[in-house]
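# A structural walkthrough
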There are 2 protein chains.
Amino acid sequence: MSKSSNNKILLSHGSGGKLSHDLIRNVFIKYFNNDVLTQQTDSAILDLIEGNLAFTTDSYVVDPVFFPGGDIGKLSVCGTINDLAVSGAEPLYLSSSFIIEEGFSIKDLETIVKSMADEAKKAGIKIVAGDTKVVDRGKCDKIFINTSGIGFLDPERKNISTGDKIQVGDKIIINGSIGDHGIAILAARESLHFKLDLESDCASLHHLIGEVLSISSGVKFMRDATRGGLATVLSELAENREYGIDLEETAIPVKENVKGTCEIFGFDPLYMANEGKVVMVVGNSDEKGIIDVLKRNPLGKDSAVIGEIVDSHHGQVALQTEVGGRRIVDMLVGEQLPRIC
Amino acid sequence: MSKSSNNKILLSHGSGGKLSHDLIRNVFIKYFNNDVLTQQTDSAILDLIEGNLAFTTDSYVVDPVFFPGGDIGKLSVCGTINDLAVSGAEPLYLSSSFIIEEGFSIKDLETIVKSMADEAKKAGIKIVAGDTKVVDRGKCDKIFINTSGIGFLDPERKNISTGDKIQVGDKIIINGSIGDHGIAILAARESLHFKLDLESDCASLHHLIGEVLSISSGVKFMRDATRGGLATVLSELAENREYGIDLEETAIPVKENVKGTCEIFGFDPLYMANEGKVVMVVGNSDEKGIIDVLKRNPLGKDSAVIGEIVDSHHGQVALQTEVGGRRIVDMLVGEQLPRIC
């Protein structure tokens, strides 16, 4: 581990940024080392009789549990569905496992579970396995939920999660504005709690993604821009590759109140968490048709082409800024806002 | 929910006993309601191309994290493997998801992860997906781990998890002494911490179970006796059935120091948690062959026939006690010892 970590787990180890990567590489991959895990794809792709399965897991510890646009239950279903969908898989089954603090309100639990059920129904997937643990008061913060998911993966789409087919000239698309989830959570925090006309973008994206995949074979890579935001997704993608990424700041949709709140708190929207945003890399001639399809769905109405794969600054992401400058966009170091998901 | 619960989550909601059942029925099944989940089998059985998958999830919150005979990492791998194995499935893949308290020692994390890797290797399964969240100090207790698992299920073994083929005259087998895990955890608790020559029985049972299934088709039901212990497994099995269960107290293996510690604390070994014990219901003429196979494996050397399916006291478990009495064994009500797994 890096010396700066001082051998203690820091909040940054869970941020999806630099220290998370160190931890994954230096601890988990080191020991768990196997050919599926080392691919580090969003869902594990499992070889199994007559087809492929995608398998993924996520624990949700968001604070507060209820926020504008969703709650921990909805988030836990959408988040795991999205992990499967961005792998090119069709989500089929979820498990759900609860760790609940003694004294937590059962009414609130029912609200959360109902959110999960509603979202699962809407998404057309089944929650098929579960577990509940309760810990003494003060030993966890209200409720944590793990969901794991299984999806069916068409073998022809195995390349989407690795991004192996990406080439210079490919375009980068996002399906709408960034930072909504992060800022909605920030505004809902007990310690701050300011009014903002903003909801989390928390949503299941697999119908939207399905519509794109059904009309185009030009999708070469997808990733949901959650913890660490758009910047981290693209930095990860560029890392160790024989190409660079150019991003156009003016092309990236950001709501005015998200931009304003970020300025006040000194946050960068590029690093803010999203829970309903997919970043796609698509073939050079495919972007128009794909944008058209995306815009027809409410979850993609603000879709935009925001950048391009280029043959310079290999391994790095460069941002053409609004004011005409140019800066390198790195992975998130440290933690902008803990417990965002 | 029952009135006594006072609309708050109690530790007993996570005990695997009566209140857990209420919560599952009144909250989770109510909302998640689907044909797979309502089977309430240990693993969800998924219909998928040319075969069946078993899918299961469990979160582990054991306190202390390190205990004689294992740690939370080993437990999280064995526990989920066992959930798959008792469904008659061959465990293939696990996911692992960590919720870690800020300040937790990375050295301890490595020890835990290494335990998981060692156990996975020994068991011949792969950990293929993962996630890490970190929460602020004081917002969880050191480390919680979720593992979810997928296994391949031979369609001919689909009846094992439902127990539909059980009939009067069938025998009940356990592969060794009960209560070792529960008492080992109790003795290791910071607040007590007394010396006892005892280790948790924490172990992956799927090789042992595989050996039995390969020589006999007489296994009609299996369940690992974890939270809630042997009593809860059998009470659940008998519930609403057209048969009863007779248990022979003198036939049930219990170590002397487990028995003694239970007496001091007022616990009943029948309800103590195990992490390496499988309860099998087997055909009337099959028990001898199966016991022979079990005894050849170190994990089954103390196997014993401990009871029988009978055509009386339908829906209930009756224990023939050591002193010649007879009592009904009910599901665990309340909580003997929280955070046992």
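Predicted, not measured: the structure shown is a model, and the values here were computed from it. (Residues numbered from 1 in each chain as written. Chains lettered and ligands numbered in written order. Predicted model: local features only at pLDDT ≥ 70, side-chain atom pairs only at ≥ 80, totals over all residues. Heavy atoms only, no water.)

### Points about the overall build of chain A
Helix and strand content of chain A: nine helices and 14 strands. Counting every position in chain A, which comprises 341 residues, the buried fraction comes to 64%. Residue pairs in contact within chain A that sit at least 24 positions apart in sequence constitute 82% of those at least 6 positions apart. (Helix = DSSP H or I, 4+ residues; strand = E, 2+ residues; numbered from the N terminus. Buried < 20%, exposed > 50% of the residue type's maximum accessible area, 1.4 Å probe, protein only. Contact = heavy atoms within 4.5 Å.)

### Looking at the domain arrangement of chain A
Interface size, as often reported, equals the accessible area lost upon joining of the parts. All names here are of chain A. The domain boundaries assigned to chain A delineate domain 1 (3–158) and domain 2 (162–329). Taken together, the contact pairs 30 residues of domain 1 with 26 residues of domain 2. Summing both sides of the interface, domain 1 and domain 2 together bury roughly 2400 Å²; the carbon and sulfur share of this comes to 54%. Considering only the surface of domain 1 that becomes buried against domain 2, Pro68, Asn82 and Val86 emerge as the three largest contributors, covering 22% of it. Between arginine 189 and aspartate 63 there is a salt bridge whose closest N-O contact spans 3.7 Å. Remark: the boundary between domain 1 and domain 2 carries eight residue pairs in polar contact (both at pLDDT 80 or more). (Domains from an automatic or database assignment. Buried area = accessible area lost by both parts, 1.4 Å probe. Salt bridge = Lys/Arg side-chain N within 4 Å of Asp/Glu carboxyl O. Polar contact = N/O pair within 3.5 Å; in protein donor to acceptor, adjacent residues only side chain to side chain.)

### So, helix α7 (residues 229–238) of chain B
Residue and element names in this part refer to chain B. Across the 10 residues of α7, nine count as buried, placing the element largely inside the fold. Residues Gly229, Leu230, Ala231, Thr232, Val233, Leu234, Ser235, Leu237 and Ala238 constitute the buried set of α7. Two residues or fewer past α7, asparagine 240 is found with a positive phi of approximately 65°.

### Looking at the sheet that holds strand β13 (residues 317–320) of chain B
Residues and elements named next belong to chain B. If you trace the seven strands from one edge of the open sheet to the other, you get β9-β11-β8-β12-β10-β13-β14, paired in mixed fashion. Every other strand in the sheet has two partners, leaving β9 (219–224) and β14 (326–329) as the edge strands with one partner each. Pairs of neighbouring strands in the sheet enclose a mean axial angle of 25°, with direction left out of account. Here strand β8 (residues 171–174) runs beside strand β12 (residues 304–310); their pairing, made up of four bridges, is antiparallel. Looking at the pairing, isoleucine 173 lines up with valine 305 of β12. (Pairing = 2+ DSSP bridges. Axes fitted to C-alpha atoms, helices over the stretch in contact; angles between N-to-C directions.)

### Some words on the packing of aromatic side chains
One pass over the structure, following the stated rule, counts four aromatic pairs over all chains. Consider the rings of A:Phe55 and B:Phe55, whose centres lie 6.2 Å apart with planes at 85°: the pair is edge-to-face. Taken together, the positions of A:Phe55 in strand β2 (residues 51–60) and B:Phe55 in strand β2 (residues 51–60) put the pair across two chains. By the burial criterion, A:Phe55 is buried, and B:Phe55 matches it. Note on A:Phe144 and B:Phe144: the rings are 6.4 Å apart at their centroids and 50° apart in plane angle, and the pair reads as tilted. Of the two residues, A:Phe144 is situated in strand β7 (residues 143–153) and B:Phe144 in strand β7 (residues 143–153); the pairing between them involves two chains. Positioned above the aromatic ring of B:Tyr60 is the side chain of A:Lys133, whose terminal nitrogen or guanidinium carbon lies 5.5 Å from the ring centre. (Phe/Tyr/Trp six-rings, centres within 6.5 Å; stacked < 30°, edge-to-face > 60°. Lys NZ or Arg CZ within 6 Å of the ring centre and 35° of its normal.)

### Some remarks on the pattern of salt bridges
What the rule picks out here adds up to 37 salt bridges over all chains. A salt bridge links B:Arg339 to B:Asp141, with the shortest nitrogen-to-oxygen separation between them at 2.9 Å. With B:Arg339 in the segment after β14 and B:Asp141 in the loop between β6 (126–135) and β7, the pair connects residues that are 198 residues apart, well separated along the chain. You can call B:Asp141 buried: its relative accessible area is 10%. The network of salt bridges with common partners includes A:Asp58, A:Arg227, B:Asp131 and B:Lys133.

### Describing helix α5 (residues 180–188) of chain A
Residues and elements named next belong to chain A. Most of α5 is tucked away: nine of the nine residues are buried. Taken together, the buried positions of α5 are Asp180, His181, Gly182, Ile183, Ala184, Ile185, Leu186, Ala187 and Ala188. Of the surrounding elements, those touching the buried residues of α5 are β3 (66–67), α2 (72–85) and α8 (256–265).

### Regarding the side chain of B:Arg223
Mapped onto the elements, B:Arg223 comes out in strand β9. Polar contacts involving the side chain of B:Arg223 include one to the side chain of B:Glu236, which spans 3.2 Å.

### Focus on the side chain of B:Asn82
All names here are of chain B. Considering the arrangement of structural elements, one finds asparagine 82 in helix α2 (residues 72–85). You can call asparagine 82 buried: its relative accessible area is 1%. One polar contact links the side chain of asparagine 82 to the main-chain carbonyl oxygen of alanine 203, over a distance of 2.9 Å. The contacts of asparagine 82, once residues within four sequence positions are left out, are Ala203, Ser204, Leu205, His206, Asp224 and Glu275.

### Examining the packing of α5(A) against α8(A)
All names here are of chain A. With their axes 10 Å apart at the nearest point, α5 and α8 run at an angle of 60° to one another. It follows from the interaxial angle that α5 and α8 lie oblique. For α5 against α8, the interelement crossing comes out left-handed. Between α5 and α8, the contacting residues are Asp180, Ile183 and Leu186 on the first element and Val258, Thr261, Cys262 and Phe265 on the second. (Parallel < 35°, antiparallel > 145°, perpendicular 65-115°, else oblique. Left-handed = near helix turned anticlockwise from the far one by under 90°.)

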